[in-house]
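The chain contents come next:
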Amino acid sequence: VMKAFGLNSRKPAVPEQKIMEKIKSIFIFCLRFVHSIWFRLVQLVKLLSDPKYYRAPSYFPEYERRKSTWRIFFEQLWNIWREGDINEFYFLYGFDVIGFRRQRDYIDNRKFIRQRGKQNQENLVKPICVLRNKFLFGVVADALGVNTPSLVGIIHGNNFFVFAGHKTILWNDFLSQGEFDVFVKDSNGECGEGIFALQRRKGVLYVNKKETTIEEINSRINPCLSFIVQERISQHPALNKIYDKSINTIRLETVINPKTKEIEILPPLLRVGTSGHNVDNWAMGGLAIGIDEKGCLKKYGFYKPSFGTKTTQHPDTEVVFENYSIPFFAEAVDMARRFHSELHEIHSIGWDIAITDAGPCFIEGNDNWEISLVQICSKGLQREFEELFF
């Protein structure tokens, strides 16, 4: 009707609106600029106050030609200016050794996280929740025929829904009956947070193999959150031989190539517990060991700084890493590809995979995985980053 009478239904932008939009864009630009400068100043103070970022033991002492402390300091300073933060993996990557590795071959972790998050952005189309919630992960994996730890039940406050009988009982009643050997996990926890081993043998309760009480167990469980209870899996003897006090998991990353739409595999690694810990977390003193294309371990296992540097054998069992074969590795890769193909709206996933007598067992998948451990155990992935994440 408006067009029939020669009238424009869209109101032209008045000069005041254009001015306000311009002011808004300038304000946002200035805010981002100030934030960028402020963040770099924080990183500079961090660098000046902690010598570990430019004066630390070398991970590669077999190479005698090391850069001077001043050169390392100025290279870290340059990284703050260029990337916005300190390179916390400078020594792990071997950048302190002259002529060993080129920094331009390695992707900065902060830059990677930004781009990975952009590609895996959360919206109503992408099933990120399947990876973020351990209960949903188990349900979807089971529906797809992917082996995962068996779910015993889910805790909501004082109630415990038992999957086997499709019934709800009191959580304290479960703790007081029978015998069990399970793991309790925060459904939405990350990096091993909120996980503990729970056992009941001959009427005695144990948390992480230490005798405990119902009250102490309940103090670990936030009544406002949901926790899942999973059966303990039986690890393959080959993984037990390396270290039997934790479930040692393969970290395998799958990425959908934006050009070919095929699922690519980034260099995998094995995480192994140490020193009596019942988890394989790198942050808890565990080791990260690269895996080659044949499914065999590489020469070195790497510690997180403050726990050590690198080693060729496990400190507790003395198992030598180089050429140690990981069973069912090819099957784990194939299953990761198939699982990701059913979640194809997600660009990249970092899988945690245990190995049992029956084959691979998928513990969890992570959309917010990091590139640092992958590069530490293999090589710089700048080229792969440019090819797969844009």
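Just above sits the structure.
Parameters at a glance
- Residues numbered from 1 in each chain as written.
- Predicted model: local features only at pLDDT ≥ 70, side-chain atom pairs only at ≥ 80, totals over all residues.
- Heavy atoms only, no water.
- Helix = DSSP H or I, 4+ residues; strand = E, 2+ residues; numbered from the N terminus.
- Buried < 20%, exposed > 50% of the residue type's maximum accessible area, 1.4 Å probe, protein only.
- Contact = heavy atoms within 4.5 Å.
- Areas by Shrake-Rupley, 256 points an atom, 1.4 Å probe, with all protein chains shown as cover.
- Lys, Arg positive; Asp, Glu negative; His and termini not counted.
- Charge placed at Lys NZ, Arg CZ, Asp CG, Glu CD.
- Pairing = 2+ DSSP bridges.
- Axes fitted to C-alpha atoms, helices over the stretch in contact; angles between N-to-C directions.
- Arc of directions from axis to C-beta.
- Polar contact = N/O pair within 3.5 Å; in protein donor to acceptor, adjacent residues only side chain to side chain.
- Phe/Tyr/Trp six-rings, centres within 6.5 Å; stacked < 30°, edge-to-face > 60°.
- Lys NZ or Arg CZ within 6 Å of the ring centre and 35° of its normal.

Asker: How do you make sense of the overall build of the protein when you look at a structure like this?
Answerer: Counting secondary structure elements, the protein contains 11 helices and 16 strands. For the protein, the spread of C-alpha atoms along the principal axes amounts to about 85 × 70 × 45 Å. The proportion of buried residues among the 390 residues of the protein is 47%. For the protein, the proportion of contacts with a sequence separation of at least 24, taken over those separated by at least 6, is 60%. Per element, the accessible surface of the protein, about 21,300 Å² overall, is 56% carbon and sulfur. A gap of 7 Å separates the mean positions of the 51 positive and 46 negative side-chain charges of the protein.

Asker: I would appreciate a short explanation of the sheet that holds strand S7 (residues 210-212) in the present structure.
Answerer: The strand order across the open sheet formed by eight strands is S3-S2-S1-S8-S4-S5-S6-S7, and the pairing between neighbours is antiparallel. In this open sheet, the two edge strands, each paired with only one partner strand, are strand S3 (167-170) and S7. On average, each strand axis in the sheet is tilted by 30 degrees relative to the strand beside it, whichever way the strands run. Examined bridge by bridge, strand S2 (residues 159-162) and S3 share four bridges and lie antiparallel to one another. Each bridged residue has a counterpart across the sheet, and for Val 162 the counterpart in S3 is Lys 167. Against the sheet, helix H5 (residues 134-143) engages strand S1 (151-156), strand S4 (180-186) and strand S8 (226-231), with an angle of about 150 degrees to S1.

Asker: Is there a simple way to think about the pairing of strand S16 (residues 359-366) in this case?
Answerer: Looking along a regular strand, one sees the side chains alternate between the two faces of the sheet. Across the eight residues of S16, eight count as buried, placing the element largely inside the fold. In terms of strand pairing, strand S15 (residues 348-356) meets S16 through seven bridges, oriented antiparallel. Looking across to S16, one finds that Ala 354 is bridged to Cys 361. Counted between consecutive antiparallel strands, the loop separating S15 from S16 contains two residues.

Asker: Would you take a moment to explain H5 for this structure?
Answerer: Every α-helical turn comprises 3.6 residues, leaving residues that sit three or four positions apart pointing alike. Among all positions of H5, only Lys 134, Phe 137, Gly 138 and Ala 141 are buried. Viewed end-on, H5 has its buried residues packed into an arc of 95 degrees, placing them on one side of the element. Of the residues flanking the start of H5, the one acting as N-cap is Asn 133, its side-chain oxygen 3.0 Å from the backbone nitrogen of Phe 135. Phi for Gly 145, located one or two positions after H5, is positive at around 75 degrees.

Asker: Sorry if this is basic, but what is going on with the packing of aromatic side chains here?
Answerer: For any two aromatic rings, the description comes down to two numbers: the centre-to-centre distance and the angle of the planes. Enumeration over the complete set of coordinates arrives at 32 aromatic pairs. Plain terms: the ring middles of Tyr 63 and Phe 100 are 4.6 Å apart, the flat faces sit at 35 degrees to each other, and that makes the pair tilted. On the criterion of sequence distance, the pair formed by Tyr 63 in the loop between helix H1 (15-49) and helix H2 (69-83) and Phe 100 in the loop between H2 and helix H3 (109-119) is long-range, its members being 37 residues apart. In this structure Tyr 63 comes out as partly exposed when scored by relative accessible area, which is 37%. Three or more aromatic residues link up through ring pairs in this structure, and these residues are Tyr 59, Phe 60, Tyr 63, Phe 100, Tyr 300 and Phe 302. Over the aromatic face of Tyr 206 sits the side chain of Arg 201, whose NZ or CZ is 4.5 Å from the ring centroid. Lys 310 extends its terminal NZ or CZ atom over the ring of Tyr 300, reaching a point 4.5 Å from the ring centre.

Asker: How do you make sense of the pairing of strand S5 (residues 196-201) when you look at a structure like this?
Answerer: Within S5, five of the six residues are buried, which leaves the element mostly enclosed by the surrounding structure. With five bridges connecting them, S4 and S5 associate as antiparallel partners. Within S5, the residue paired with Phe 180 across the bridge is Arg 200. Once S5 ends, the chain turns through two residues before running back antiparallel as strand S6 (residues 204-207), passing Lys 202 with a positive phi of about 50 degrees.

As far as function goes, none of this settles anything; it's purely spatial.
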